[in-house]
Amino acid sequence: MSDTDLDTTARTILTENDQGGYTIPTKGLYPYQWNWDSVFVALGFATFDQDRAWREIEMLFEGQWRDGMVPHILFRKDDPSYFPGPSVWGTDGGPLPSSGHSQPPVAASVIRDLVDTDPSGSALERAAALLPGLMQWHRWFLSYRDPKSQGVLAVIHPWESGRDNLPDWDDALRAVEVKDIEPYERKDTSHVDPAMRPHKEDYDRYLSIMSACRNVDWDPAKVAKTCPFFVADPGITFIFLRANRDLLNLAERLGKTEEVAEIQNWIARMETGAKTLWHDELKAHVAVDQRTGKMTNGISSASFLALYAGLADEHTISSLQAHFDRIASKVRYLMPSYDPDHESYEPLRYWRGPVWAMINYMIARGFAEAGDAVRAEKLRADTAALIETSGFAEYFSPETAEGAGGGTFSWTAAIWLTWASPSHVEKAA
Ligand code: DGY
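Fair warning: this is a prediction, and the values are worked out from it, not measured in the lab. All chains use their own residue numbering, which begins from 1 and follows the written sequence. Where totals are concerned, whole chains, interfaces and linings use all residues; where local detail is concerned, this predicted model gives features only for residues with pLDDT of at least 70, and gives and counts side-chain atom pairs only at 80 or more. Think of the side-chain values as coming from all heavy atoms in the structure, minus any hydrogens and water.

S.K.: Explain unusual backbone geometry to me, please; I cannot follow it from the model alone.
M.R.: Generally, phi is negative for residues other than glycine and the peptide bonds are trans, each holding for most cases. Look at the link from F83 to P84: it is a cis peptide, with omega at 5°. What counts as a helix is a DSSP run of H or I of at least four residues, what counts as a strand is a run of E of at least two, and both are numbered from the N terminus. Along the chain, the position of P84 falls in the loop between β2 (73–74) and α4 (86–89). The omega angle of the peptide bond from L334 to M335 is -10°, so this bond is cis rather than trans. Position of M335 relative to the elements: it lies in the loop between α14 (314–328) and α15 (357–369).

Now the structure itself:
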């Protein structure tokens, strides 16, 4: 298929996964609105329908909880093809049925992009309407995912990180006692080859964490204190730090003086805290189990997001460039979600090795902003090659380009349209 045909297919995927203002990640496997999926999808819509792009994010915020959280899934209608559905979550925190935790907060960054690229200038008004919700959501993260004000965000569930079965969670997840779960039937493995999905031992614990949180009624302060899983995640920490910088830019443009001062404090707190995730021997940022203090020992694709977060001192840049080149010599397509030199690496199992287009997009932005256009372009070209070879898969083998997980995937289509497609690059030039 030519690149122009792929552009057309990508637009068709978004349109066909559109449920009337919000977009499902893919039919069958993920039949609801997912938080960060939707926000990346807005970037794709923005390449041909700005109004529709804003609708996507506005509809996500319609599900915001009273305490400020924006949930990771909004269950706008019941769909028996997905497990665990709304009755298993048992939440009551917001206006719509939803899951009970959040997901990486990319919204402020994407909203800033929508404002920056809006030819009419009217986007700033829509950003102004979303600003209070964004402020509340970011405050919620600081209160309940960084309760000791350490400047790093923890996740209370692997799903909150968006990177479900990452090897970084293995030890902390094994320590979760399997209890309070009813017999259950997974649905994901009837849509996708089980070899590309998490194991049953993982699912038992995913559900046990949900039960523990349900037992405290998803009260965020109690969850922060008692949840059996509480792991500081470089991915969500870096995405949040970046989002705060973009939120600051929006607040400044909107003349919101008090918010500006508040966000500046958040940025200072996160800049200091993020450094505590640095692993001296590995020379990269890693996850830290906040219940035990134990650091993980592997480099994930999120380690590269330090640059996206603006932590671009000489030492960090040169360490990440060296890791980048080492990994590039091991696999044909960057960036594997886990270090191919690590014993836990598996090229086709979800977050244990495969390449994800939207992570590549964020890593590349970080490299470009740090002045490294060559590595940024290698990521774009690899992402384009993966999609040209295997279409709009959920994720890809870094070794063979094989597409895996769900097909006709919305955020892969969106990232193609906004960044990876050669026709997009020509337009930008
Ligand atoms: C799933 O169901 O696998 C999702 O990743 C949870 O968000």
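Let us keep going from here.
S.K.: In this structure, what is going on with helix α12 (residues 234–253)? I would like to understand it.
M.R.: Helical periodicity: at 3.6 residues per turn, an α-helix aligns residues three or four positions apart in one direction. Take the residue count of a helix, subtract one, and multiply by 1.5 Å to get its expected span. Here α12 contains 20 residues, and its C-alpha end-to-end distance of 29 Å stays within 8% of the 28 Å for a straight helix at 1.5 Å per residue. Burial here depends on accessible area, computed with a 1.4 Å probe over protein chains only, as a share of the maximum for the residue type. Under 20% is buried, over 50% is exposed, and the range in between is partly exposed. Here α12 lies mainly inside the structure; 17 of its 20 residues are buried. If you check the start of α12, you find a side-chain oxygen 2.7 Å away from the backbone N of G235, and it comes from D233. Looking at the residues trailing α12, positive phi occurs at G255, about 65°. We define a polar contact as two N or O atoms separated by no more than 3.5 Å, with the added condition that, inside protein, one atom must be a possible hydrogen donor and the other a possible acceptor, whereas residues neighbouring each other in sequence contribute only through side-chain atom pairs.

S.K.: Honestly, the packing of aromatic side chains in this entry has me stumped. Any pointers?
M.R.: Two aromatic rings are characterised by how far apart their centres lie and by the angle between their planes. Geometry of aromatic contacts follows a simple scheme: Phe, Tyr and Trp rings, the Trp one being its six-membered ring, pair when their centres are within 6.5 Å, and the pair is stacked under 30 degrees between planes, edge-to-face over 60, tilted otherwise. Enumeration according to the criterion identifies 32 aromatic pairs in this entry. Seen from their ring centres, F45 and F48 are 5.7 Å apart, and the 50° between their planes marks the pair as tilted. Given a relative accessible area of 2%, F45 falls into the buried group. A centroid spacing of 5.5 Å and a plane angle of 55° characterise the contact between Y350 and Y395, whose relative ring orientation is tilted. In this pair, Y350 sits in the loop between α14 and α15 while Y395 sits in strand β8 (residues 395–396), placing the two residues 45 residues apart along the sequence. On the basis of relative accessible area, Y350 is assigned to the buried category, the value being 4%. By relative accessible area, Y395 is classed as buried at 0%. Against the face of Y308 rests R242, its NZ or CZ located 4.5 Å from the ring centre. Only Lys NZ and Arg CZ are tested; either one counts as a charge over a ring when it is within 6 Å of the ring centre and within 35 degrees of the ring normal.

S.K.: Where do I start with the pattern of salt bridges in this structure?
M.R.: Two side chains bearing opposite charge may form a pair once their charged atoms approach each other closely. Put simply, a salt bridge is a Lys or Arg side-chain nitrogen that is within 4 Å of an Asp or Glu carboxyl oxygen. For the coordinates displayed, the defined rule picks out 35 salt bridges. Note that R52 is salt-bridged to D18, the shortest N-O span being 3.0 Å. Separated by 34 residues along the polypeptide, R52 in helix α3 (residues 50–61) and D18 in the loop between α1 (3–17) and β1 (33–34) bring together distant segments of the chain. Between R365 and E369 there is a salt bridge, with its nearest N and O atoms 3.8 Å apart. Of this pair, R365 and E369 both sit in helix α15, 4 residues apart, which is roughly one turn of that helix. Judged by its relative accessible area of 45%, E369 falls in the partly exposed class.

S.K.: How do you make sense of empty space enclosed by the protein when you look at a structure like this?
M.R.: To locate leftover empty space, one rolls a probe as large as a water molecule over the atoms. Only protein atoms enter the calculation, which uses a 1 Å grid: trapped sets of points that fit a 1.4 Å probe without letting it out are cavities, open sets showing protein on both sides within 12 Å along at least five of seven lines are pockets, and any residue with an atom within 4 Å of a point is a lining residue. Grid points are joined across faces, edges and corners, and a volume is the space filled by probe spheres set on the points. What the rule picks out here adds up to 3 cavities of 30 Å³ or more. Around the largest cavity, the lining is made up of 24 residues, and of these Y30, W34, Q103, D164 and Y350 lie nearest the centre. Mapped by element, the contributors of at least two residues to the lining of the largest cavity are α2 (35–46) and α9 (188–191). Amino acid classes used here: Ala, Val, Leu, Ile, Met, Phe, Trp, Tyr, Cys and Pro are nonpolar; Asp, Glu, Lys and Arg are charged; the rest, including Gly, are polar. Looking at the lining of the largest cavity residue by residue, the class counts come to 13 nonpolar, 5 polar and 6 charged.

S.K.: What am I meant to see in the site of the ligand here?
M.R.: When at least one non-hydrogen atom of a residue lies within 4 Å of a molecule or strand, that residue is treated as near it. The local shell around the ligand consists of Y30, W34, H72, Y82, W159, D164, R197, Y203 and Y350. One of the side-chain nitrogen or oxygen atoms of W34 is found 3.0 Å away from an oxygen atom of the ligand. Between the ligand and the protein, one listed contact pairs an oxygen atom with a side-chain N or O atom of R197 at 2.7 Å. We get accessible surface area from the Shrake-Rupley algorithm with a probe of 1.4 Å; when it comes to residues, only the shown protein chains can shield them. Look at the ligand: alone it shows 240 Å² of surface, and the protein chains cover 96% of it.

S.K.: So what exactly am I meant to see when it comes to the layout of surface pockets here?
M.R.: Taken as a whole, the second largest pocket holds about 350 Å³ of empty space. Lining the second largest pocket are 23 residues, with D168, D171, A172, K294 and T296 sitting closest to its centre. Of all the elements in the fold, those that place two or more residues in the lining of the second largest pocket are α8 (170–174) and β7 (288–289). Top contributing element to the lining of the second largest pocket by residue count: α8, with 3 residues. Among the residues making up the lining of the second largest pocket, the classes are represented as 11 nonpolar, 5 polar and 7 charged.

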